[in-house]
Amino acid sequence: MFRRQFFFIFLLLVLVSCQNNTSTTESANSSVVKEGASKKSLQSDPVYTKGLGLVAKSDCLTCHKIDDKLIGPSYKEIAVKYADAPNDVITALAKKIINGSVGNWGNVPMTPHPSISQDDAETMVRYILTLNK
Ligand code: HEC
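Position numbers for residues start from 1 in each chain and track the written sequence from start to end. Reporting of local features is limited, given that this is a predicted model, to residues whose pLDDT is at least 70; pairs of side-chain atoms are given and counted only at 80 or more, and all residues count toward the totals for whole chains, interfaces and linings. With hydrogens and water stripped out, all remaining heavy atoms of the structure feed into the side-chain values.

## As for the coordination of the iron atom of the ligand
Ligation of the iron atom of the ligand by protein atoms is provided by His64 (NE2) and Met110 (SD), these donors lying 2.0 to 2.1 Å from the ion. Any nitrogen, oxygen or sulfur atom within 2.8 Å of a metal ion counts as a donor, with the limit raised to 3.2 Å for Na, K and Ca, and since water is left out, coordination shells can look unfinished. When four donors show all angles between 85 and 135 degrees the site is tetrahedral, when four or six donors have opposite pairs over 155 degrees and all other angles between 65 and 115 it is square planar or octahedral respectively, and in every other case it is irregular. If you look at the iron atom of the ligand, its six donor atoms make angles of 87 to 179 degrees with each other, and the shape they trace is octahedral. Note that His64 is positioned in the loop between α2 (46–57) and α3 (75–81) and Met110 in the loop between α4 (87–99) and α5 (118–129), a separation of 46 residues in sequence. For the exposure calls, accessible area comes from a 1.4 Å probe over protein chains only, and a residue counts as buried if that area is under 20% of its type's maximum, exposed if over 50%, partly exposed in between. A relative accessible area of 9% places His64 in the buried class. Strands here are runs of E lasting at least two residues and helices are runs of H or I lasting at least four, both read from the DSSP assignment and numbered beginning at the N terminus.

## Let's talk about the pattern of salt bridges
By definition here, a salt bridge exists when the distance from a side-chain nitrogen of Lys or Arg to a carboxyl oxygen of Asp or Glu is within 4 Å. According to the stated counting rule, one finds three salt bridges in the structure shown. With a shortest N-O distance of 3.9 Å, Lys50 and Asp120 are connected by a salt bridge. Here Lys50, found in helix α2, pairs with Asp120, found in helix α5; they are 70 residues apart in sequence, far enough to count as distant. Given a relative accessible area of 24%, Asp120 falls into the partly exposed group. The partner of Lys65 in a salt bridge is Asp68, and the shortest N-O contact between them spans 3.8 Å.

## A look at the nonpolar core
Among buried residues, the Ala, Val, Leu, Ile, Met, Phe, Trp, Tyr and Cys ones that are joined through side-chain atoms within 4.5 Å form a nonpolar core. Formed by 22 residues in total, the largest nonpolar core has its most connected members in Val55, Tyr75, Tyr82, Val125, Tyr127, Leu129 and Leu131. If you list the elements that add at least two residues to this core, you get α2, α3, α4 and α5. The contact criterion used is simple: two residues touch if any of their non-hydrogen atoms lie within 4.5 Å. Not counting the four nearest positions on each side in its chain, Tyr127 is found in contact with Val47, Tyr48, Gly51, Leu52, Val55, Ile66 and Tyr75.

## Focus: the site of the ligand
Near the ligand you find 29 residues, and of these Cys60, Cys63, His64, Tyr82 and Met110 are the closest. What qualifies as a polar contact is a pair of N or O atoms within 3.5 Å, subject to a donor-acceptor requirement within protein and to the restriction that residues adjacent in sequence count only when both atoms come from side chains. Within the contact set of the ligand, an oxygen atom lies 2.7 Å away from a side-chain nitrogen or oxygen of Ser101. Gly103 is positioned such that a nitrogen or oxygen atom in its backbone is 3.4 Å from an oxygen atom of the ligand. Among the elements of the structure, α3, α4 and α5 are those that each provide at least two residues to the shell around the ligand. No other element matches the three residues that α4 contributes to the shell around the ligand. Only Asp, Glu, Lys and Arg are considered charged, only Ala, Val, Leu, Ile, Met, Phe, Trp, Tyr, Cys and Pro nonpolar, and every remaining residue, Gly among them, polar. When the residues that make up the shell around the ligand are grouped by side-chain class, the tally is 17 nonpolar, ten polar and two charged. One heavy atom within 4 Å of a molecule or strand is enough for the residue carrying it to be called near that molecule or strand.

## Looking at α5
A helix is expected to span 1.5 Å multiplied by its residue count minus one. In this model α5 runs 16 Å from its N-terminal to its C-terminal C-alpha over twelve residues, within 8% of the 16 Å that 1.5 Å per residue would give. Residues of α5 that are buried: Ala121, Glu122, Thr123, Met124, Val125, Tyr127, Ile128 and Leu129. Where α5 is buried, its residues contact α2, α3 and α4.

## Digging into α4
The first and last C-alpha atoms of α4 sit 18 Å apart over 13 residues, in line with the 18 Å expected at 1.5 Å per residue. Residues of α4 that are buried include every one of Ile90, Leu93, Ala94, Ile97 and Ile98, and no others. Buried residues in α4, looked at end-on, bunch into an arc of 145 degrees, giving them a common side. Along α4, the residues that are exposed and aim more than 90 degrees away from the buried face are Asp88 and Asn99. Where α4 is buried, its residues touch α5. Directions drawn from the helix axis to the C-beta atoms are what define this arc.

Written as C-alpha cells, this is what we have:
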C-alpha cells in the first residue's frame, strides 16, 4: 500500500516536471516569434513590397544585385551611401534611373528607363534605401 502511494507521488512529480518543461519551451518559442516579427515588419512595409515588385519587373537586376557589385553598384552599397537621404536626393536618384547616370560610381553608365514614372522610380529608390541593414 505504502509503495503504491509512493509510486503515485513519483508519477505526480514526473508530470509536474514535464509541464514545467513544456512551459519553458513555449516561452523560448515565443521569443523566436518576436525576433521573426521585426523581419516581417520590413516585408509588410508597402514601400518595400511595392519597390521590390517594380525592381523585379524591370531590368534592374540584370545590372544590380542586392549584396554584390555586378555592372552597377550593389543595392546595399547604394543604401549605405544614401542612408537617411532627404526627399530631394530621392527625387534626384529617381531622375537618374529615368534619364540614366554615369560618373557617380565609375565610368560604366546606367541605361535610361524613360518608361518608368517619377513616382515608381522614387518607390524603387525608397525600397533600395531600406536595404541598409
Ligand atoms: C545597364 C545596367 C543597369 C541597369 C539595367 C540598371 N542600372 Fe542602376 N546603375 C548602373 C550603373 C553602372 C550605376 C552607376 C552609375 C554611376 O556611376 O553614376 C547605377 C546606379 C544606380 C543607382 C545609384 C545612382 C547614383 O547616382 O548613385 C540607383 C539608385 C540605381 N542604379 C537603381 C537602378 C534601378 C532601380 C534600376 C531598374 C529600373 C537600374 N538601376 C537599372 C547600371 C544599371
